Amino acid sequence: MAKGDGYISAKESRRISRENRKITSQMEKIKNRKHVDPSEYETKMKNPDNILEIDNLHTFFFTDIGTVKSVNGVSFDVPKGKTVGVVGESGCGKSVTSLSIMQLVQRPQGQIVEGSIRFAGEQRCIDIAKATTSVMQEIRGKEISMIFQEPMTSLNPVFRIGMQLNEVLELHHPEMTKEQMKARTLEMLELVGIANSEGVYKMYPHELSGGMRQRVMIAMALCCDPSLIIADEPTTALDVTIQAQILDLLRGLKNKINSSIMLITHDLGVIAEMADYVVVMYAGKVVEKGTAEEIFANPMHPYTLGLLASKPVVNKKVDRLYSIPGKVPNPVNMPDYCYFKDRCEMCVEKCSGQYPEMVKVSDTHYVSCYRYYDEGGVK
Amino acid sequence: MKKFIIKRLLLAIMILFFVSFIIYALMRCLPTSFVEALANKKAQAGGSKTFAEWMAQLNAVYGLDKGLFDGYGSWISKAITGDFGESWKFTIPVTQKFADVIWYSFVLNVICFILEMGISIPLGILAARKQYSRTDYTITTIALMGISLPSFFFATVLKLIFCVKLGWFDLFGVVGKYHEQLNTPLEKILDMGWHYILPVVTLTIVSIGALMRYTRTNMLEVLNSDYIRTARAKGLSEKVVINKHAFRNTLIPIVTIVGGMLPGLFSGAMITETLFGIPGIGYTSYQAMVEGDIPFTMFYMLFLAILTLLGTLLSDILYAVVDPRVRVN
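A. Structural context of a positive patch on the surface. Where like charges cluster on the molecular surface, the positive patch consists of Lys11, Arg14, Arg18, Arg21 and Lys22 of chain A together with Arg134 of chain B. With five residues, helix α1 (residues 10-31) of chain A is the single largest residue contributor to the positive patch. Position of Arg14 of chain A relative to the elements: it lies in helix α1.

B. Highlighting the packing of helix α4 (residues 161-172) of chain A against helix α5 (residues 178-191) of chain A. Residues and elements named next belong to chain A. Where α4 contacts α5, the two axes come as close as 9 Å, and the packing angle between them is 115 degrees. Crossing of α4 against α5: the hand is right-handed. Listed contacts from α5 to Gly162, Leu165, Asn166, Leu169 and Glu170 of α4 are Met181, Lys182, Arg184, Thr185 and Leu189. Looking at side-chain class alone, the contact of α4 with α5 contains four nonpolar, three polar and three charged residues.

C. Quick peek at the domain arrangement of chain B. Along its sequence, chain B is organised into domain 1 (32-82) and domain 2 (97-292 + 312-326). Computed over C-alpha atoms only, the centres of domain 1 of chain B and domain 2 of chain B are separated by 42 Å.

D. How the structure looks around the interface of chain B and chain A. With 23 residues of chain B at the interface, the matching set in chain A holds 27 residues. Taken together, both faces of the contact between chain B and chain A bury some 2,300 Å²; the carbon and sulfur share is 58%. In terms of surface lost to chain A, no three residues of chain B exceed Arg229, Ala233 and Lys234 of chain B, which account for 27% of the buried area on that side. Where chain B touches chain A, the interface holds two salt bridges. There are 11 residue pairs in polar contact (both at pLDDT 80 or more) connecting chain B and chain A. Listed by contribution, the elements that provide at least two residues to the side of chain B that touches chain A are α9 (226-233) and α10 (238-260) of chain B. With seven residues, the single largest contributor to the side of chain B that touches chain A is α10 of chain B. Counted by class, the side of chain B that touches chain A contains eight nonpolar, six polar and nine charged residues.

E. The pattern of salt bridges, seen in detail. All names here are of chain A. For the coordinates displayed, the defined rule picks out 26 salt bridges over all chains. One salt bridge in this structure joins Glu42 and Arg124, with 3.3 Å as the shortest N-O distance. Of this pair, Glu42 sits in the loop between α1 and β1 (50-63) while Arg124 is found in the loop between β4 (110-120) and β5 (125-127), placing the two residues 82 residues apart along the sequence. Its relative accessible area of 34% is what places Glu42 among the partly exposed residues. With a closest N to O distance of 3.1 Å, Lys130 and Asp127 form a salt bridge. Judged by its relative accessible area of 2%, Asp127 falls in the buried class. Salt bridges sharing common partners tie together Lys46, Glu53, Asp55 and Arg118.

F. Structural view of the sheet that holds strand β11 (residues 359-360) of chain A. Residue and element names in this part refer to chain A. On the basis of which strands lie adjacent, the open sheet formed by eight strands has the order β6-β7-β8-β3-β9-β10-β12-β11 and mixed pairing. Every interior strand has two partners, whereas the edge strands, β6 (144-147) and β11, have only one. Pairing of strand β3 (residues 83-87) with strand β9 (residues 277-282) involves four bridges; the strand directions are parallel. Each bridged residue has a counterpart across the sheet, and for Val86 the counterpart in β9 is Val279. Against the sheet, helix α11 (residues 302-309) touches β9 and β10 (285-291), its axis set at about 105 degrees to β9.

G. Quick peek at the packing of aromatic side chains. Residues and elements named next belong to chain B. By the definition in use, this model includes 25 aromatic pairs over all chains. The interplanar angle of 20 degrees and the centroid separation of 5.4 Å between the aromatic rings of Phe21 and Phe69 together place this pair among those described as stacked. Placement of Phe21 in helix α1 (residues 2-29) and of Phe69 in helix α4 (residues 68-80) is noted, with a sequence separation of 48 residues between them. Relative accessible area serves as the criterion here: at 21%, Phe21 is assigned to the partly exposed category.

H. Broad picture of the layout of surface pockets. There is about 1,900 Å³ of room inside the largest pocket. Along the walls of the largest pocket sit 49 residues, with Glu28, Arg107 and Pro108 of chain A together with Arg129 and Lys130 of chain B positioned nearest its centre. At 10 residues, α1 of chain A tops the list of elements feeding residues into the lining of the largest pocket. For the lining of the largest pocket, the per-class residue count stands at 14 nonpolar, 17 polar and 18 charged.

I. Molecular detail of the pairing of β4 of chain A. All names here are of chain A. Taken across its 11 residues, β4 has eight buried, putting it largely inside the fold. Where β4 and β5 come together, three bridges link them in antiparallel fashion. Residue pairing in the sheet places Phe119 in a bridge with Ile126 of β5. In textbook terms, the turn of a hairpin is the stretch between consecutive antiparallel strands, and for β4 and β5 this stretch comprises four residues.

J. Up close: empty space enclosed by the protein. On inspection of all chains with the given rule, the structure shows five cavities of 30 Å³ or more. Empty space within the largest cavity amounts to approximately 90 Å³. Looking at the lining of the largest cavity, the elements with two or more residues in it are β6 and α7 (210-222) of chain A together with α9 of chain B. Element by element, the count of residues in the lining of the largest cavity is highest for α7 of chain A, at three residues.

K. Up close: the state of the cysteines. Residues and elements named next belong to chain A. Scanning all chains against the criterion turns up zero disulfides over all chains. Cysteine Cys344 shares no disulfide, and the gap to the nearest cysteine sulfur, in Cys347, comes to 4.3 Å. Take Cys344: its relative accessible area is 17%, and that puts it in the buried class.

L. Spotlight on the environment of Thr50 of chain B. All names here are of chain B. Looking at the element boundaries, Thr50 is found in the loop between α2 (34-44) and α3 (51-62). Assessed through its relative accessible area of 43%, Thr50 is described here as partly exposed. Through-space distance from the C-alpha of Thr50 to that of Asn40 is 9.0 Å; in sequence the pair is 10 residues apart.

Cut-offs used in this document
- Residues numbered from 1 in each chain as written.
- Chains lettered and ligands numbered in written order.
- Predicted model: local features only at pLDDT ≥ 70, side-chain atom pairs only at ≥ 80, totals over all residues.
- Heavy atoms only, no water.
- Patch = residues over 30% accessible without salt bridge, like charges linked within 9 Å, V, L, I, M, F, W, Y side chains within 5 Å.
- Areas by Shrake-Rupley, 256 points an atom, 1.4 Å probe, with all protein chains shown as cover.
- Salt bridge = Lys/Arg side-chain N within 4 Å of Asp/Glu carboxyl O.
- Lys, Arg positive; Asp, Glu negative; His and termini not counted.
- Charge placed at Lys NZ, Arg CZ, Asp CG, Glu CD.
- Helix = DSSP H or I, 4+ residues; strand = E, 2+ residues; numbered from the N terminus.
- Axes fitted to C-alpha atoms, helices over the stretch in contact; angles between N-to-C directions.
- Left-handed = near helix turned anticlockwise from the far one by under 90°.
- Contact = heavy atoms within 4.5 Å.
- Nonpolar A, V, L, I, M, F, W, Y, C, P; charged D, E, K, R; others polar.
- Domains from an automatic or database assignment.
- Buried area = accessible area lost by both parts, 1.4 Å probe.
- Polar contact = N/O pair within 3.5 Å; in protein donor to acceptor, adjacent residues only side chain to side chain.
- Buried < 20%, exposed > 50% of the residue type's maximum accessible area, 1.4 Å probe, protein only.
- Pairing = 2+ DSSP bridges.
- Phe/Tyr/Trp six-rings, centres within 6.5 Å; stacked < 30°, edge-to-face > 60°.
- 1 Å grid on protein atoms, 1.4 Å probe; cavity = no way out; pocket = protein on both sides within 12 Å on 5 of 7 lines; lining within 4 Å.
- Points joined across faces, edges and corners; volume = space filled by probe spheres on them.
- Disulfide = S-S within 2.5 Å.

Following this line, the structure appears as structure tokens:
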């Protein structure tokens, strides 16, 4: 175990890395198998109205200083045709959750160790946590696609835009001819609001601005009409005017192609504008989830309250914005009690006990805090 | 692009002019003097003239009685017309001697170059893909051993094992004892090829390490970049991600070194050639230089300077070919 502030001896580090390699190489072997019986990863959805059900997901990183529990028991659903916003501060596991859904977590260090991610595909329902790499390659880009937070570096600098978009179609729709692909790509570029689509088709990424590149990324994500779009902080790297345009675009497109969106952000304004449901994450766990109205009108968890208080409000004059005191606990050595206890200003006696379970407040609203144990039954 | 190349070529001529002057000045300052050695020999051979008299006469014959600038002027005025004079040591025209020996070295270096590329780039990619695995550690350790091994030591060990103990190869030379008696040209080529095996192995092993490490580092950087994640998110197979998306980006830094390797193809490998008795350019230029053969050395050095300049130009052009971001419009 780590001593002091996470400093460990070289001997200790070697032992940990040796053990890690043993665990990860075994997991890699399972993931990389070629021929697997479909019964291993095919499941049934608990609720047919959902497109995605994440159940008790654990994604760990096996690093040389110990196991980092980035996602530690996350559960939430994404209903069909709805937008789910995931909020939380940097490093709380939002991005790792989304990467787990795509099986794009940095391997071999990062691994899904427990839980299930049930995805309702077109023909069959698949548990992504158990799917092999080859099964995932059929889903990625076709049924689930992802928009990344770094438009400046997310496009390959040495290939033309047209080629990079055609590649997705070529892969998932081998029956299309070259002309059909080009027509589809140009159509997609126009759909995301690029006026000079013929010109952009022949350009290299460095010839486009950040906003344009993010549009291209969105066009790429929408190429195959995916049923779920994961947008991992799609507007963080863009300036405010472009942000509004991109969000408008996403909202418009959602209605056009009727897919679900999982929107990851730390910007509560974006969530309020876009999301139907909100999931608040803290230190690898979901602390509160509910509909957007419930979260904004009746926030319950002290962390959600803190987040909302630290958001600037128009027409309200304050000297300093509120900031949540303290810092996020060390991810290697998580305490046994509520992770937020050390920063919480509303602690009750019970707080030093075990990590609180999810409390059901309404049919859609859940919170993980001891203060509400009396209000609703423990789930 | 055309304008850019013409500009670079004009600049190259300027650089060559100064480079050749510096080489000439250095050659004149060398502590070894061909004329002095010759005069000494002639004076000792007996006869009417003394050392000083021989010196004066030979200096005039070889054009060393002139000053640095005059001497350089007379050399360059002939060199521009393509006349590089006669080699003092080999007593045949410089270009003829050069043409006689260059092919031995060129063939040796081209084979090594192809092997180096063919081995080190795939190995570097493999090591990067499996970073910190057993494969990676094995490859990098072998590469480090290759970099650290001096070629003279490694060549000697190889000769001890394969020539002395096992007796598979001859110790010296590019052809076997009965080369002239062989009937068909194919047999003659095979005989030469057999003698090239050990030198090629030596040069390849000592050179793959650097390029392999370089490829590995660059590949690692590319593999961690965002666009590789995008490529995977598209659903592309790992093979396409590595061989298409990642490799094209790894090529960018690699072509810049490959351009710099051009002069290396012609410069010869002095130590290896000497050890295996290959009459290549490396060995020949070494002999010419220690005896102060100014015409031959001047030609050889100038040739290398031209190749170096062409190599940098070539790598600039290749750079633009593989990286759209640096293309000049």
